[in-house]
Amino acid sequence: MELWFSEYQTKNVKLSFRIKEILYATQSEYQKISVYETEDFGRLLTLDDLVMLTTKDEYIYHEMISHVPMLTHGNASKVLVIGGGDGGTVRELLKHPVKEVHLVEIDKEVVETSKKYFPSVSCGLTDPRVKIFYEDGIEFVKKNKGYDVIIIDSTDPIGPAEGLFSTQFYKNVYSALNEDGIVVAQTETPILLGDLVRKIYKDMSSVFAYTNMYTAVIPTYPGALWTFTMGSKTINPVTKEISSMPNLDTKYYTRELHKSYFILPPFVGKLISE
Ligand code: SAM
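Notes on the structure in this doc start here. (Residues numbered from 1 in each chain as written. Predicted model: local features only at pLDDT ≥ 70, side-chain atom pairs only at ≥ 80, totals over all residues. Heavy atoms only, no water.)

Some details on the sheet that holds strand S6 (residues 78-83)
Phase 1 of the analysis: Pairing within the open sheet is mixed, and its seven strands lie in the order S8-S7-S6-S9-S10-S12-S11. Each edge of the open sheet is held by one strand with a lone partner, namely strand S8 (130-133) and strand S11 (210-217). Strand-to-strand, the axes of this sheet are offset by a mean angle of 15°, without reference to chain direction.
Phase 2 of the analysis: Looking at chain direction, S6 and strand S7 (residues 100-104) are connected through five bridges and run parallel. Residue pairing for S7: Leu80 is matched across the bridge by His102.
Phase 3 of the analysis: Running at roughly 140° to strand S10 (residues 177-186), helix H6 (residues 167-176) makes contact with S6, strand S9 (147-153) and S10 of the sheet. (Pairing = 2+ DSSP bridges. Helix = DSSP H or I, 4+ residues; strand = E, 2+ residues; numbered from the N terminus. Axes fitted to C-alpha atoms, helices over the stretch in contact; angles between N-to-C directions. Contact = heavy atoms within 4.5 Å.)

Here's the deal with the environment of Gly85
Phase 1 of the analysis: Relative to the helices and strands, Gly85 resides in the loop between S6 and helix H2 (88-93).
Phase 2 of the analysis: Classification of Gly85 as buried rests on a relative accessible area of 3%.
Phase 3 of the analysis: In contact with Gly85, other than residues within four places in its own chain, are Leu103, Glu105, Val110, Val111, Ser114 and Leu125. (Buried < 20%, exposed > 50% of the residue type's maximum accessible area, 1.4 Å probe, protein only.)

Let's talk about the pattern of salt bridges
Phase 1 of the analysis: Summed over all chains, the structure comprises 15 salt bridges.
Phase 2 of the analysis: A salt bridge links Lys32 to Asp49; the nearest nitrogen and oxygen atoms lie 3.0 Å apart. On the criterion of sequence distance, the pair formed by Lys32 in strand S3 (residues 32-38) and Asp49 in the loop between strand S4 (43-47) and strand S5 (50-54) is long-range, its members being 17 residues apart.
Phase 3 of the analysis: Residue Lys32 is classed as partly exposed on the basis of its relative accessible area of 29%.
Phase 4 of the analysis: Taking relative accessible area as the criterion, Asp49 reaches 29% and is therefore assigned partly exposed.
Phase 5 of the analysis: The shortest N-O distance in the salt bridge between Glu241 and Lys259 comes to 2.6 Å. One end of the pair, Glu241, is in the loop between strand S12 (225-232) and helix H8 (266-273); the other, Lys259, is in the loop between S12 and H8, with 18 residues separating them in the sequence.
Phase 6 of the analysis: Accessibility expressed as a relative area gives 59% for Glu241, which makes it exposed.
Phase 7 of the analysis: Residue class for Lys259 comes out partly exposed when judged on its relative accessible area of 33%.
Phase 8 of the analysis: Salt bridges sharing partners connect three or more residues here, namely Glu58, Arg91, Glu92 and Lys95. (Salt bridge = Lys/Arg side-chain N within 4 Å of Asp/Glu carboxyl O.)

The values reported here are purely geometric and, on their own, carry no functional implication.
Here it is, written out as structure tokens:
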């Protein structure tokens, strides 16, 4: 009997994975958490039947959401990750000489699931520099400050993540950042959600002196072309010279392309400037 998992990327488009085995499924307080062993993409984590990561291509997203802000900042020692319960972003951040990484994940069961089924992704979560808070990131940034970099590695703007895509939230992030602070958020696909991408860019632009978008190809995400939006108080990412240290072990991110990441495909540039 054929076994498939399909993600409906729109009501008319779905991405399907042939499945070897359904390894785990549960309903947490916040979402349905599922783990599959797939034929071609390794292990797959879904939340509410939406692809979060596969072990075949997760490095792309996690490298791009981490190394671009960290090398743009150049001297980050205290970093905050909101969402990111699978641990992939934390794993990449720990390749830098950070002193503290705070992970604020609303759903403890996502962390526990990743620790059990995705050891290569969650491996950094037990590092002594990492502190995990099982809280709502929306509230956390109102009460905590002093971060050099803040990364919003959240689910889509529905349910508990909806408030992570608002001007008020970006203002609270601004206050939680140090004077040379930088925030990066995963900001969805311009292929299928152009209006949302434009709105997010404009919201962040209304708060930060420098707002720059960059993209990456993520085969298992809707539309495959993904955006990240960086807000910076004082650092211009397009002109900032990045250091050659630390030596990073990466498979997608490369320093040689760092500045060019901020050169957008013309259709994306047009989309966010409309
Ligand atoms: N890379 C994925 C993407 O782009 O969709 C995100 C991965 S990570 C698993 C997303 C995490 O955000 C989930 O574990 C979810 O529980 C968490 N999350 C959603 N809303 C949150 C909130 N308000 N505060 C903290 N964590 C939140």
